[in-house]
Amino acid sequence: MPVFTTYDGTELAYHVEGEGEPLVCLPGGAMRASRYLGDLGGLSAGRRLILLDLRGTGDSAAPADESTYRVDHQVADVEALRLHLGLERMDVLAHSAAGNLALLYAAAHPGRVRRLVLVTPTAWAVDLGPTPEESLAAVRSRAGREPYDTAIAAYERLWAAGGDPSQDRRQAMVLAYGRWDDRARAHLAASDGERNQAAALVFAGPGAFDPPATREALRRFEGETLVLAGELDGYPTVAVAAALAGLLPRGTSDVQHGAAHFPWLDDADRFAARVERFLATGA
């Protein structure tokens, strides 16, 4: 397991899957160990995946200063990884909450990213997100059978800030998977031991984002970007993914049908083929 030392002396670990051109992979959660990404639906068949464990997660050390869990501080960790790998420019894939980290990195280092893949990303860094009505409309498309009806009811309570948030969040997570099968159940069951909850609370804390400044900086980002949405995902929605792509000078969006928040689990072959095609040839 390779490690490197980042800007503040914290030792960070990463895991390598496959061979070929490197693809730096940033996990979401927020602050979930990178092992939940697996081999990204077989993407490792043609790429050397560099799966970073963010500070305080997985095999990476916890920082002395917990305020550095905030996402804007972690931009320097990504740059330290690039330097450690000896890459002039790199391809980057970010999932979910790590979409914010990738956007902030691209804004700060616009010449260091060749191609960027944002998989079902949240986009708080540029002040984009669905309204409650838009998010609920997406998940309600699955109504009419269990376990989705129970999950949708929990999702509605979360938006209304009623009920038990912890229990409702757990029930609503069924909606994060396009297929609720044994693999999805195991993936969700593993999440409790993979996420640094204390770090997650700091990740998007006060001061983390300056959306107008980030939007302005991203106008100088020349790397091609693919924003991949899941058709069934309630956060982000397909419309948010398209809006995010529209903010980026060379952005494009695509929708994986039948997928939700973890599209490489819902249709591995389609996911890996779409991402590899973009990395190889661009939009």
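Before reading on, note that the structure itself is shown above.
These remarks concern the structure in this document. Per-chain numbering applies: the sequence of each chain, read as written, is numbered from 1 onward. Residues qualify for local features only when their pLDDT is at least 70, as the model is predicted, and side-chain atom pairs are given and counted only at 80 or more; totals for whole chains, interfaces and linings, by contrast, use all residues. Hydrogens and waters are ignored; side-chain quantities use all the structure's heavy atoms.

The salt bridge definition used is simple: a Lys or Arg side-chain nitrogen within 4 Å of an Asp or Glu carboxyl oxygen. As enumerated under the stated definition, the model contains 18 salt bridges in all. Measuring nitrogen to oxygen at the nearest pair gives 3.6 Å for the salt bridge that ties glutamate 194 to arginine 35. In this pair, glutamate 194 sits in the loop between α6 (182-191) and α7 (197-203) while arginine 35 sits in the loop between β3 (21-26) and β4 (47-52), placing the two residues 159 residues apart along the sequence. Close ionic contact of arginine 70 with aspartate 72 constitutes a salt bridge, the shortest N to O distance being 2.7 Å. Overall, aspartate 72 belongs to the partly exposed group, its relative accessible area being 25%. Among the charged side chains, a network of salt bridges with common partners joins Arg47, Asp91, Arg114 and Glu276. Strands are runs of DSSP state E lasting at least two residues, helices are runs of H or I lasting at least four, and both sets are numbered from the N terminus onward. The cut-offs for exposure are 20% and 50% of the maximum accessible area for each residue type, with area from a 1.4 Å probe on protein chains only; residues under the lower value are buried, those over the upper are exposed, and the others partly exposed.

Before going further, it helps to spend a moment on the packing of aromatic side chains. Any two rings among Phe, Tyr and Trp, with Trp reduced to its six-membered ring, count as a pair given centres within 6.5 Å; such a pair is stacked if its planes are under 30 degrees apart, edge-to-face if over 60, and tilted if neither. Under the defined criterion, the tally for this structure stands at 8 aromatic pairs. Consider the rings of tyrosine 177 and tryptophan 180, whose centres lie 5.8 Å apart with planes at 50°: the pair is tilted. Note on tyrosine 177: relative accessible area 1%, which makes it buried. When the centroid spacing of 5.0 Å and the interplanar angle of 25° are considered together, the rings of tyrosine 177 and phenylalanine 262 count as stacked. Within this pair, whereas tyrosine 177 is found in the loop between α5 (165-172) and α6, its partner phenylalanine 262 is found in the loop between β8 (251-256) and α10 (263-266), the two being separated by 85 residues in sequence. The burial state of tyrosine 177 is the same as that of phenylalanine 262; both residues are buried.

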